[in-house]
2 protein chains.
Amino acid sequence: MPADPELIAVARGDAPADLVLSNARVINVFTRDIEDNVNVVIKNGAIARIGDDTDAAHRIDVGGSYVGPGFIDAHMHVESTMMRPSEFVRLALPHGTTGVVFDPHEIANVCGIPGMRFLMDDARDLPMRIMFAASSCVPASHLETAGAALSADDLAPLFDDDRVVALAEMMNFPGVVHAFPDVLEKVRLGLEHRIVDGHCPGLRGDELQAYIAAGISSDHECTTADEAREKLRRGMQVYLREGSAARNIEALVSVVTAENAHRCCFCTDDRHPGDLRDEGHIDHAVRRAIACGLDPVTAIAMGSRHTAQHYNQRELGAVAPGMRADLVVFDDARAPSPRQVFVDGVLVAEDGVMTAPPRAADRAPDDAHLRNTVHLPDDFGAHRFRIESSNPTANIRVIGMNPHSLVTEHLVMPATRRDGELVTDPDRDLLKLAVIERHGKGGSIGLGFVTGFGFRDGALASTVGHDSHNLTVVGSNDIDMEKAARVLTKYGGGQCVVRGGKVLACLPLPLAGLLSDESAEALVEQQQQVLEKVRELGCPHHDPFMPLSFLPLSVIPTLKLSDQGLVDVNRFRIVTVETTED
Amino acid sequence: MPADPELIAVARGDAPADLVLSNARVINVFTRDIEDNVNVVIKNGAIARIGDDTDAAHRIDVGGSYVGPGFIDAHMHVESTMMRPSEFVRLALPHGTTGVVFDPHEIANVCGIPGMRFLMDDARDLPMRIMFAASSCVPASHLETAGAALSADDLAPLFDDDRVVALAEMMNFPGVVHAFPDVLEKVRLGLEHRIVDGHCPGLRGDELQAYIAAGISSDHECTTADEAREKLRRGMQVYLREGSAARNIEALVSVVTAENAHRCCFCTDDRHPGDLRDEGHIDHAVRRAIACGLDPVTAIAMGSRHTAQHYNQRELGAVAPGMRADLVVFDDARAPSPRQVFVDGVLVAEDGVMTAPPRAADRAPDDAHLRNTVHLPDDFGAHRFRIESSNPTANIRVIGMNPHSLVTEHLVMPATRRDGELVTDPDRDLLKLAVIERHGKGGSIGLGFVTGFGFRDGALASTVGHDSHNLTVVGSNDIDMEKAARVLTKYGGGQCVVRGGKVLACLPLPLAGLLSDESAEALVEQQQQVLEKVRELGCPHHDPFMPLSFLPLSVIPTLKLSDQGLVDVNRFRIVTVETTED
């Protein structure tokens, strides 16, 4: 309750507290310093005061440890963890994450508003402050077939939910810069109700200013210090991203100054299951920033209050009177690793394990509408992977995959032909790539070639393929590719490894083809089995499914493949495999 | 229009601007530095971009001058200027004030919600971003009779107006700290809709934390650096106040650091007509802070963006794309004195004069309900100023007036008696003080003695008397006091000087007894005449009406006088004039 008389009574010293964390060193994000040897006095889930000890129903002597605000992720796609929110919290809470802004962009591309509503429903009654941003760009572009298309009118009702704190990353920055009416209508919707988050990798100069002039207030795509400085200068909140796919803190941390730190915060964007469990979450970003030279208290403030402030969350992100008692306890200010985590003044995680009771199974939302979302074309078969050659002297375009980047190379290489057909050539690391429309919207299949996966025999398939999440298959031969696609259809989605017509391993993702319905632990185990089989295939990369998932992403340079065909992103159009260009 | 396609087109360079300020040195409040030799490109009242020159319908070469955001006053009572908003802007705009948060607390105490609505109506269609805070404490206490009493239910409809950005200063801090239900109901109203501004002079320690725990987010009453540091540490936005009555910048400026400057801003609270015209407004506060050692760009940011941020005004307070083109042009960064002022990209003031056209007379709101608000008791006459002595050996309590402070002394002095009556004694600077209930609510009169005015013969009267604005009269004799009260009744309020039964000067304030209906220039002239006559009376103070207006303020220590009688503020009760205490 706002203006809670019981909280006020405890603050002024006239009533006993629910909980006191005594003998604490408190991280103060307002003054960016540390208060030694004080007590954090808690009542009704909120902080009453910082200072002298007092009567309390419970008392925890933290023994001189640090007490700071819980961490908040300013922007992430929970689908990247392959977990439902109810499982996500089991891994994230022990890392001190007490708040997060989910952009349910991936599930929205598959299942539309009902998919977003599922995540919002599953996020209820959990011991974490789970906020949402309404996904702004579904589908990501007109050059691919998604499961849904969302207009401003579709998104508007979401803002009736107080947990929706923003319009999510406006990725269609060309659409903003060129003032497309439907894009601006979405921006207006966000500004009318909340704020509008941005996404504009590499956008600089006048185009950047046009994008900001539209009312977009943040960016999490900076990869260089110069870019981040320019975006701060023009008024953006800059989220330093440290996820699984993109890790930008080292390049950006030098940008943060005492003057602009309140304009900076952290996000992960994408966080894979094993990384979340083993490396951590925003705590990892904070440690990384400190290791790169940032002042520890500033790093913690960026991981908490500065995010809360940006999203206008008055009661979150600080150890101060009136704030929710969302707290982390840790021992090393230079490498904060929470050993106790509190939400609303309740211990929810300790020593790496969530201690809050799991949500009762009967409170889980119905997920039937998320299942069986992977549909193959009626005439599907290995023959659908054939690529006829129409010009026997032409070269072919090849996607140059970089395992550590979303950006691909647009290569042109000599073709290998057999019987009038363009074929793979493992000796040159030239594999076939297919993106199969899987939403039951026509079953088109885009075909092309890719280099970089480095295995000679077999196929990998995944229903995680940004942003439309069509069925993406890479392989050395059409038979294994067909098998891999059929296996995933059976499970309603997932990731699998096939060789010689046999399924070596499969990670089922039956919810929208994106999320597991297993426990976090079982999921991590399944993923490790899949990655082990990938290594057996001879693929040198730790997790080739990650770069594979970005090969269909038609809004990130340079050459991509959608179900519509090869996409020349720089020219933003479909191109043929064979080319007479250099 | 948010996400304006025309603005975006100008930003990206595809359409001509409305206005370019060329050859500018731009104050950047985000990075807190200065960009040299750039152009500010404006379209449809907003800033499109900062950078290279471009085609424009109009162009102003500022010749290397500074261009900064217009100044915003975080908290003021426009009634202190005695001007309607439509006249206030004529003096404030030339000083670079492009935004202000008015707390219409004074007029609310006289006329209730209709009084606040009058100011809100009069503030329409003016070239300034006039925001409002809903006055939280009407009346200020139960120890005086105000013209209105406002509950949370009365205030709630005000929040339907987007210009209402906060619940105004919650002065009843004991009521918050002790969790009075009606007080907390108002705090909840503010938190539900916007934010709640504070007012807690000298509040420290656990009581301060109780006040903040209620959800109150700012304070503008700090008088010492230690107090300001403590309030910042506990999460408050601190407004450094530099008004006419209270001038705190010199004492507080050392508190501001690079880390906490975004938690600091400026306000004036009260600004008298002559000071506003001659010294300035927030520009004066900025200059004062710089003179006291603050970094100029930081001072400007505190006078603009930091206030806008606190009140969640996305488009105000910065020279950056998408912001409203509310700008000041000045030559000396170490003493910013705006020579040109723009609002919505239109030149509204230049070289000390408002150049925007005045609002058409027929757009002025009806003010009939604000007139004739000064009512004397039916049996009014000089006899009502008699103070009978009931104990011929007792001493008397005397208000020790300090011309530079709202705080009075609680003095005990020997009485001067004549015919069983307690009388004035100009030889000892002992004058009589009367506060006459003037709202037609019973006509009670509080009587007492005051020292400090220093004139021997005559009377001063004023209908400006915080916070109930009863008719306050100080004089050497009952005849002149009666005359002074009757004169003000005739004018419907004001301030006057009387001697020997003659009115020496009068400043009429016919609107609620608080506001002039004349032009700003005429008002300043009238006030100067009144102050001249004050000097003729032998009063040594520049403006004794200022301390006079605070003598009825029953919530500021130490001894005050309301229409109910002498108020011992520390004990918060009415006390007798005669006393046997020391």
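Nothing here was measured: the structure is a model prediction, and the numbers come from that model. (Residues numbered from 1 in each chain as written. Chains lettered and ligands numbered in written order. Predicted model: local features only at pLDDT ≥ 70, side-chain atom pairs only at ≥ 80, totals over all residues. Heavy atoms only, no water.)

## Regarding the overall build of chain A
To keep things clear, this is the line we draw: A run of DSSP states H or I qualifies as a helix once it reaches four residues; a run of E qualifies as a strand once it reaches two. Both are numbered from the N-terminal end. With the radius of gyration taken over C-alpha atoms, the globule rule is written as 2.2 Å times the number of residues to the power 0.38. Here the term buried applies to any residue with accessible area under 20% of the maximum for its type, exposed to any over 50%, and partly exposed to those in between, with areas from a 1.4 Å probe on protein chains only. Contact criterion: two residues are considered in contact whenever any of their non-hydrogen atoms come within 4.5 Å of each other. Every accessible area reported is derived by Shrake-Rupley at a probe size of 1.4 Å, with residue values counting cover from the shown protein chains alone. Charge convention: Lys and Arg are scored as positive, Asp and Glu as negative, and His as well as the terminal groups of each chain are ignored. By convention, charge coordinates are those of NZ in Lys, CZ in Arg, CG in Asp, or CD in Glu.
Along chain A, the regular secondary structure elements total 16 helices and 32 strands. At 25 Å, chain A has a C-alpha radius of gyration in line with the 25 Å of a compact globule built from 582 residues. Considered along the principal axes of its C-alpha atoms, chain A spans approximately 90 × 50 × 45 Å. Burial statistics for chain A: of 582 residues in total, 67% are counted as buried. Long-range contacts, defined as pairs at least 24 residues apart, comprise 69% of the intrachain contacts of chain A with a sequence gap of at least 6. Approximately 18900 Å² of chain A is accessible, and the part contributed by carbon and sulfur atoms is 47%. Of the charged side chains in chain A, 55 are positive and 84 negative, and the gap between their average positions amounts to 2 Å.

## A closer look at the relation of the copies chain A and chain B
The test is simple: The copies were overlaid with a least-squares fit restricted to C-alpha atoms from residues scoring a pLDDT of at least 70 in each copy.
The two copies are related by a screw motion: chain A maps onto chain B through a turn of 179° and a shift of 0.1 Å along the axis, at an RMSD of 0.1 Å. Taken together, the rotation angle and the small translation identify this as a two-fold axis. Interface residue correspondence from chain A to chain B reaches 100%, placing this contact among same-surface, isologous pairings.

## With respect to the packing of aromatic side chains
Condition: Centres within 6.5 Å make a pair out of two Phe, Tyr or Trp rings, where for Trp the six-membered ring is used; the pair is then stacked when the planes are under 30 degrees apart, edge-to-face when over 60, and tilted otherwise.
Taken as a whole and assessed by the stated rule, the structure comprises 10 aromatic pairs over all chains. Residues A:F102 and A:F132 carry aromatic rings whose centres are separated by 5.9 Å and whose planes lie at 70° to one another, so their mutual orientation is edge-to-face. Of this pair, A:F102 sits in strand β7 (residues 97-102) while A:F132 is found in strand β8 (residues 129-134), placing the two residues 30 residues apart along the sequence. A relative accessible area of 1% places A:F132 in the buried class. Ring centres of B:F380 and B:F385 lie 5.7 Å apart, and the angle between their planes is 90°; this geometry places the pair in the edge-to-face category. The residues B:F380 and B:F385 share a single accessibility class, namely buried. Through successive ring pairs, a cluster of aromatic residues spans A:F88, A:F102 and A:F132.

## A look at the confidence of the model for chain A
Stated precisely, the cut-off is as follows: In predicted models, pLDDT denotes the confidence assigned by the predictor to each residue on a 0 to 100 scale.
A residue-level look at chain A finds 100% of positions with pLDDT of 70 or above and a mean pLDDT of 97. Predicted as a complex, the structure gets a pTM of 0.96 and an ipTM equal to 0.95.

## Section: the pairing of strand β29 (residues 559-562) of chain B
All names here are of chain B. Using the following cut-off: A pair of strands is labelled paired if DSSP reports no fewer than 2 bridges between them.
Taking every second residue as pointing to the same face, both faces of β29 are buried, with L559 and L561 on one and K560 and S562 on the other. With four bridges connecting them, β29 and strand β30 (residues 565-568) associate as antiparallel partners. By the bridge assignment for β30, K560 is matched with V567. With antiparallel pairing between neighbouring strands as the criterion, β29 and β30 make up a hairpin whose turn holds two residues.

## Let's talk about a negative patch on the surface
Convention followed: Every patch collects residues that have over 30% relative accessible area and no salt bridge, joining them within 9 Å if they carry like charges and within 5 Å if they are nonpolar side chains (Val, Leu, Ile, Met, Phe, Trp, Tyr). Salt bridge, as applied in this entry: a Lys or Arg side-chain nitrogen positioned within 4 Å of an Asp or Glu carboxyl oxygen.
Taken together, the side chains of A:D153, A:D154, A:D182 and A:E185 define an acidic patch exposed on the protein surface. Tracing the sequence through the fold places A:E185 in helix α6 (residues 181-193).

## Let's talk about the interface of chain A and chain B
Quick note on the threshold: Defined in terms of a 1.4 Å probe, buried area is the accessible area two parts forfeit on being brought together, summed over both. Any N or O atom pair separated by 3.5 Å or less is treated as a polar contact, with the protein-specific requirement of one donor-capable and one acceptor-capable atom, and with residues adjacent in sequence counted only for side-chain atom pairs. Any residue that is not Ala, Val, Leu, Ile, Met, Phe, Trp, Tyr, Cys, Pro, Asp, Glu, Lys or Arg is counted as polar, Gly included; the first ten are nonpolar and the last four charged.
Opposite the 47 residues of chain A that make contact, chain B presents 48 residues. In this assembly, chain A packs against chain B so that about 4500 Å² is buried in total across both faces, 56% of it on carbon and sulfur atoms. Of all residues in chain A, A:R12, A:F30 and A:R233 bury the most surface against chain B, accounting for 15% of the area lost on that side. Our enumeration of links across chain A and chain B arrives at eight salt bridges. In this assembly, chain A and chain B are joined by 18 residue pairs in polar contact (both at pLDDT 80 or more). Contributing elements (two or more residues each) for the side of chain A that touches chain B: α1 (5-12), β2 (33-43), β3 (46-51), α5 (173-177), α6, α7 (205-213) and α8 (225-233) of chain A. Residue composition of the side of chain A that touches chain B, grouped by class: 24 nonpolar, 11 polar and 12 charged.

## Overview of the packing of α7(A) against helix α1 (residues 5-12) of chain B
Axes are the key here: two packed helices are described by the angle between their axes and the distance separating the axes. Threshold: For helices, the fitted line uses only the C-alpha atoms of the stretch in contact; every axis is such a line through C-alpha atoms, and the angle between N-to-C directions lies from 0 to 180 degrees. These descriptions rest on fixed angle ranges, namely under 35 degrees for roughly parallel, over 145 for roughly antiparallel, 65 to 115 for roughly perpendicular, and the rest for oblique. By definition, turning the near helix anticlockwise from the far helix through less than a right angle yields a left-handed crossing, and turning it clockwise yields a right-handed one.
One way to put it is that α7(A) packs onto α1(B) with a least axis distance of 7 Å and a crossing angle of 165°. On the basis of their axis angle, the class for α7(A) and α1(B) is roughly antiparallel. Considering how the two elements wind past one another, α7(A) and α1(B) form a crossing that is right-handed. Each of A:D206, A:Q209, A:A210 and A:A213 in α7(A) lies in contact with α1(B), whose residues at this interface are B:L7, B:I8, B:A11 and B:R12. Considered class by class, the residues forming the contact of α7(A) with α1(B) number five nonpolar, one polar and two charged.

## Let's talk about the sheet that holds strand β31 (residues 573-575) of chain A
All names here are of chain A. Here three strands make up an open sheet; going across it, the order is β29-β30-β31 and the pairing antiparallel. Across the chains shown, the open sheet's two edge strands, defined by having one partner strand only, are β29 (559-562) and β31. Between one strand axis and the next, the sheet turns by 45° as a mean value, whatever way the strands run.

## Examining the state of the cysteines
Rule in force here: Only a pair of cysteine sulfur atoms within 2.5 Å counts as a disulfide in this structure description.
Under the definition given, this model contains zero disulfides over all chains. With no disulfide partner, A:C265 has as its closest neighbouring cysteine sulfur the one in A:C264, 7.5 Å distant. The exposure class assigned to A:C265 is buried, which follows from its relative accessible area of 0%. Here B:C267 stays free of any disulfide, with the sulfur of B:C265 as its closest cysteine sulfur at 7.6 Å. On the basis of relative accessibility, which here comes to 0%, the residue B:C267 falls in the buried class.

## Brief notes about the sheet that holds strand β12 (residues 237-241) of chain A
A sheet is described by the order of its strands in space; here three strands give the open sequence β11-β12-β13 (chain A), paired in parallel fashion. The outermost strands of the open sheet, each flanked by one partner alone, are β11 (218-219) and β13 (264-267) of chain A.

## Examining helix α14 (residues 478-491) of chain B
Residue and element names in this part refer to chain B. Applied cut-off: In this scheme, a helix's expected span is set at 1.5 Å multiplied by one less than its residue total.
Look at α14: 20 Å from first C-alpha to last across 14 residues, which is about the 20 Å you get at 1.5 Å a residue. Here the buried face of α14 lies against β22 (421-422), β23 (430-436), β25 (459-462), β26 (471-475), β27 (494-499) and β28 (502-508). Its side-chain oxygen placed 3.2 Å from the backbone nitrogen of I479, N477 serves as the N-cap of α14. Trailing α14 by a residue or two, G492 shows a phi angle of about 75°, which is positive.

## With respect to the environment of A:Q209
Residue and element names in this part refer to chain A. On the secondary structure map, Q209 appears in helix α7. Classification of Q209 by relative accessible area gives buried; the value is 2%. As a C-alpha pair, Q209 and G235 span 26 residues in sequence and 9.5 Å in three-dimensional space.

## Regarding the side chain of A:D367
All names here are of chain A. Assignment of secondary structure puts D367 in the loop between β17 (353-354) and β18 (387-388). When its relative accessible area of 17% is taken as the criterion, D367 is described as buried. Among residues more than four places away in sequence, those in contact with D367 are F118 and L511.

## Quick look at the packing of helix α2 (residues 85-92) of chain B against helix α15 (residues 520-537) of chain B
All names here are of chain B. For the pair α2 and α15, the least separation of the axes is 9 Å and the interaxial angle reads 85°. When the axis of α2 is compared with that of α15, the two are roughly perpendicular. The residues of α15 that touch α2, namely those facing E87, R90 and L91, are A520, E521 and V524. Taken together, the residues that form the contact of α2 with α15 break down as three nonpolar, no polar and three charged.

## Points about the pairing of strand β3 (residues 46-51) of chain B
Regular strands place side chains that alternate from one sheet face to the opposite one. Here β3(B) lies mainly inside the structure; six of its six residues are buried. Taking the residues that link successive antiparallel strands as the turn, the strand β2 (residues 33-43) of chain B-β3(B) hairpin has two residues, and the phi of B:N44 there is positive, at about 50°.

## Some words on the pattern of salt bridges
One pass over the full model with this rule turns up 92 salt bridges over all chains. The closest approach of N and O atoms between B:K231 and B:E227, which form a salt bridge, is 2.7 Å. Placement of the pair is B:K231 and B:E227 together in helix α8 (residues 225-233), with a separation of four residues, close to one helical turn. Relative accessible area serves as the criterion here: at 0%, B:K231 is assigned to the buried category. Using a relative accessible area of 3% as the deciding quantity, one classes B:E227 as buried. Salt-bridge contacts for B:R324 lead to B:D344; the nearest nitrogen and oxygen are separated by 3.0 Å. Pair noted here: B:R324 is in the loop between α13 (305-310) and β14 (327-330) and B:D344 is in the loop between β15 (340-343) and β16 (346-350), with a separation of 20 residues, a long-range link. A relative accessible area of 17% means that B:R324 is categorised as buried. Several salt bridges converge on common partners, so that one network encompasses A:D33, A:E35, B:R233 and B:R234.

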